[in-house]
Amino acid sequence: MLTETAKDALADLTGADRDLFSLRLDRSADDLFAPFDRLYGHQPNHAEARARLIDVLATRWASRPADLKALDLKRDLEPDWFLRPSMVGYVFYIDRFAGKLRDVPDHLDYLEELGATYVHLMPCLKPREGDNDGGYSVQDYRQIDPRFGTMADFEALTAAFRERGISTCIDLVLNHTAREHEWAERARAGDAKYQAYYRLFDDRTLPDRYEETLLEIFPEQAPGNFTWDEAMGKWVWTTFNTHQWDLNWENPDVMVEIVDIMLDLANRGAEVLRLDAVAFMWKRMGTQCQNQPEVHDILQALRAACCIAAAGVIHKAEAIVSPVDLIPYLGAGRHTGKVGNIAYHNSLMVQFWSALASRDTGLMTRVLTDHFPTGHQNATWGTYLRCHDDIGWAITDEDAGALGFSGAAHRDFLAEFYRGNFDGSFARGVLFQYNPATNDKRSNGALASLAGLEAATTDGARDDAIARILMGHALIASFGGIPLIYMGDEIGLTNDHAWRDHSRGEDDSRWIHRPLMDWDAAARRSDPDTVEGRIFAGVQDIMARRARTPQIHGARPREILPVPAPGLFAFRRLGNEAPLICVFNFAEREAFVHGDWWRQAGVTDWQDVLNAHGPDWQGDAIRVPPYAAMWVV
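Residues numbered from 1 in each chain as written. Predicted model: local features only at pLDDT ≥ 70, side-chain atom pairs only at ≥ 80, totals over all residues. Heavy atoms only, no water.

(A) How the structure looks around the overall build of the protein chain. Per the secondary structure count, the protein chain includes 22 helices and 25 strands. Against the globule reference of 26 Å for 633 residues, the protein chain gives a C-alpha radius of gyration of 25 Å, in line with a compact fold. Overall size of the protein chain, expressed as C-alpha extent along the three principal axes, is 75 × 60 × 45 Å. The buried share of the protein chain, reckoned over its 633 residues, is 60%. Summarising the internal contacts of the protein chain: among those between residues at least 6 apart in sequence, 72% fall at separations of at least 24. With an accessible surface of roughly 22800 Å², the protein chain has 49% of that area assigned to carbon and sulfur atoms. Here the protein chain contributes 65 positive and 93 negative side-chain charges, whose respective centroids are spaced 2 Å apart. (Helix = DSSP H or I, 4+ residues; strand = E, 2+ residues; numbered from the N terminus. Rg over C-alpha atoms; globule rule 2.2 N^0.38 Å. Buried < 20%, exposed > 50% of the residue type's maximum accessible area, 1.4 Å probe, protein only. Contact = heavy atoms within 4.5 Å. Areas by Shrake-Rupley, 256 points an atom, 1.4 Å probe, with all protein chains shown as cover. Lys, Arg positive; Asp, Glu negative; His and termini not counted. Charge placed at Lys NZ, Arg CZ, Asp CG, Glu CD.)

As structure tokens, then:
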């Protein structure tokens, strides 16, 4: 199977290193070449591209640093490393958290204190100048954004993280490049090879046919899906922004290029690759060009390439899609256990906010029961309360209708509630990308602002906001997966209303919830009389208790339970130990849950492992305070 070029690349390695590469190649060959051949077997350059793919794998393995090869072996022996309860994620923009890459090590004690074992550095590869979609319009995959430092700085930081047991996650944008990328520049100069890297059209005939079924991602700032390029005299497929050119994944040369980039980043210390915008990679006339079957073949081939040449690396799929389309990104059918290791649980986030606003968990229980089977092979969720992006109110008419209300009306209610434009709302967010034709409204806002902290003017309102924040963190810590804490949420940072001054020049209101880290506020985290101290101590305690609770392991099954009150949400985590019953109160009213309910759920010794005190018995029932969380064995 090895080409002569691959043999030459491996020639200087020890026999053990060569053997290990061959063993891993044999192990994952079918997972790599079956999808590769399905995707490209009909292409005239298929055989040549297949050979170059092997060359890339061998060359990148040969240059992989010894300490990362040792990490590969360790993780081959501990394949559940990322499923363990000790995994806690922390997410930040480098400049907002610390300034530059070389400044981040100054805050490693802070990350360790919080319990972080996984850090996602928001887009840090070199983007185009000016408007660059928050860094997701990449000009060069092999360089760091010069505002943050150099690739040497990145390698030094990843090594410092590894010494602390922290895995580094970075973004790899797969659907598109910046129009200033070298490939695009060559295409604009007339190079036919690189024009084939993109989806280009001489006239509007095919684009107009595609547009009949395509959606607009950013209808306000980038309407339509195609952009005229004067230099080439062609239309370019641009799903997101005019400066983001969609790659042509029907070309195997694109696959080989991306595999080489991916393994280069892995060799520099990236341990988790967040694969951005994966749902859009394959295009098919007459569809929305999202979630096409070929996407999962692409993702399986990329995953197999890492299993061969960088086995310590895992993949996280950024696919913010409907529940029915989301499960395959963790592996389904012939792709089970072979596609991605982590996928964002967008629905859990949406249902958390929906239940808080309505004080009713009926929709949450239905959606998370009906659409999300438990247990995934070699894969888990990334669970979160908010992220760098907006909140799209992904609630279907079918799910709402089954419970007797209008999906459209509920989506509108949530958007208005979380902008603070609804009687009784505690939230202070803003609308994002309002489309008057469809009445689609999305929402922006920091966690603390959406949870009520910004609007709080009394001690009681402040207490409720803090309770919502901590209850949410207890939910994402126990539901199943890796909880992802977005920078500042652990100390209650609110909206950045001066976001235009900090937005890198972009007119994009998502910067309202991408604040600068307030290190003065963080310094108050040890003071229990401050808001920062209460929230930080609460989040820290939740994550520490998570690490000591084996039922929360990502491979353990989860079963959502019927609840005796509309404001409650509950599930059971199973395992070799006694079951863990997790209960959450989404209302400002206390609830009383009869002992028989707990016994039927499997409680035996009445230990609340989340709270220092035991359950609060009121006669034959346990009191669940407003916005409280309980993990009962």
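Moving on from the model shown.
(B) Fine view of the packing of aromatic side chains. By the definition in use, this model includes 38 aromatic pairs. Ring geometry for Phe201 against Trp237: centres 6.3 Å apart, planes inclined by 45°, an arrangement best described as tilted. Linking Phe201 in strand E7 (residues 200–201) with Trp237 in strand E9 (residues 234–237), this pair joins segments that are 36 residues apart in sequence. Each member of the pair, Phe201 as well as Trp237, is classed as buried. Taking the centre distance of 4.9 Å and the plane angle of 70° together, the rings of Phe240 and Phe280 count as edge-to-face. A residue pair is termed long-range when its members are at least 10 positions apart, and Phe240 in the loop between E9 and strand E10 (244–246) and Phe280 in the loop between strand E11 (272–276) and helix H12 (293–309) qualify at 40 residues. (Phe/Tyr/Trp six-rings, centres within 6.5 Å; stacked < 30°, edge-to-face > 60°.)

(C) Quick look at the sheet that holds strand E21 (residues 580–585). Overall, antiparallel pairing links the four strands, which are arranged E19-E20-E21-E25 in an open sheet. Looking at the sheet topology across the chains shown, the edges are occupied by strand E19 (558–561) and strand E25 (629–632). Strand-to-strand twist in this sheet, taken as the mean axis angle between neighbours without regard to direction, amounts to 20°. One ladder, built from four bridges, connects E19 with strand E20 (residues 568–573); its direction is antiparallel. Paired with Glu559 across the two strands is Arg572, which belongs to E20. (Pairing = 2+ DSSP bridges. Axes fitted to C-alpha atoms, helices over the stretch in contact; angles between N-to-C directions.)

(D) Focus on the environment of Phe479. As for its placement among the helices and strands, Phe479 is situated in the loop between helix H19 (459–478) and strand E18 (482–486). When residues no more than four places from it in sequence are discounted, the contact partners of Phe479 are His345, Leu348, Leu368, Arg558, Ile560, Phe569, Phe571 and Arg573.

(E) Local environment of the nonpolar core. Membership of the largest hydrophobic core comes to 194 residues, with the highest contact counts inside it found for Tyr90, Trp249, Tyr329, Trp353, Tyr418, Phe584 and Trp631. The next biggest cluster of nonpolar side chains, apart from the first, holds 16 residues, and it includes Leu561, Leu568, Ile622 and Val624. (Core = buried A, V, L, I, M, F, W, Y, C linked by side-chain atoms within 4.5 Å.)

(F) Focus on helix H7 (residues 151–163). Between its terminal C-alpha atoms H7 stretches 19 Å, which fits the 18 Å expected from 13 residues at 1.5 Å a residue. Taken residue by residue, H7 has Met151, Phe154, Leu157, Thr158, Ala160 and Phe161 as its buried positions. In the stretch just after H7, Gly165 is the one whose phi turns positive, near 75°. (Expected span 1.5 Å × (residues − 1).)

(G) Representation of H12 in the model. Its 17 residues place the ends of H12 25 Å apart at the C-alpha level, agreeing with the 24 Å of an ideal helix rising 1.5 Å per residue. With respect to burial, H12 is a largely interior element, 16 of its 17 residues being buried.

(H) Summary view of the packing of helix H14 (residues 346–358) against helix H17 (residues 407–417). Contact pair H14 / H17: the axes reach a minimum separation of 10 Å and the direction vectors enclose 80°. Considering their axes alone, H14 and H17 lie roughly perpendicular with respect to each other. Along its contact with H14, which presents Trp353, Ser354, Ala357 and Ser358, the element H17 presents His410, Phe413, Leu414 and Phe417. Within the contact of H14 with H17, the residues separate by chemical class into five nonpolar, three polar and no charged. (Parallel < 35°, antiparallel > 145°, perpendicular 65-115°, else oblique. Nonpolar A, V, L, I, M, F, W, Y, C, P; charged D, E, K, R; others polar.)

(I) Spotlight on unusual backbone geometry. Even without glycine at this site, Cys289 takes up a positive phi of about 55°. Mapped onto the secondary structure, Cys289 falls in the loop between E11 and H12. Within the chain, Arg359 stands out as a residue other than glycine whose phi angle is a positive 60°. Of note, Arg359 is situated in the loop between H14 and helix H15 (362–370). Owing to a relative accessible area of 17%, Arg359 belongs among the buried residues under this scheme.

(J) Focus on the environment of Arg24. Inspection of the secondary structure assignment puts Arg24 in helix H2 (residues 15–40). Along the chain, Arg24 and Arg545 lie 521 residues apart, while their C-alpha atoms are 37 Å from each other. The contacts of Arg24, once residues within four sequence positions are left out, are Trp61, Asp72, Leu73, Asp76, Cys307, Ile308 and Ala311.

(K) Up close: the sheet that holds strand E2 (residues 118–121). Taken together, eight strands build a closed barrel; the order of strands is E1-E2-E5-E11-E12-E13-E14-E18 and the barrel is parallel. Adjacent strand axes in the sheet meet at a mean angle of 25° when their direction is disregarded. Pairing between strand E12 (residues 314–317) and strand E13 (residues 342–344): two bridges, direction parallel. Within the sheet, the bridge partner assigned to Ala317 lies in E13 and is Ala343.

(L) How the structure looks around the packing of helix H3 (residues 46–62) against helix H11 (residues 252–267). For the pair H3 and H11, the least separation of the axes is 9 Å and the interaxial angle reads 5°. In terms of their interaxial angle, H3 and H11 are classed as roughly parallel. Residues Glu48, Ala49, Arg52, Leu53, Val56, Leu57 and Arg60 of H3 form the contact with H11, whose participating residues are Pro252, Asp253, Val256, Val259, Asp260, Leu263, Asp264 and Asn267.

(M) Summary view of the environment of Gly445. In this structure, Gly445 sits in the loop between strand E17 (440–444) and helix H18 (447–451). You can call Gly445 buried: its relative accessible area is 5%. For the pair Gly445 and Tyr136, spaced 309 residues apart in the sequence, the C-alpha separation amounts to 20 Å. Residues contacting Gly445, with those up to four places away along its chain left out, are Arg386, Leu450, Asn495, Ile512 and His513.

That's the geometry; what it means functionally is another story.
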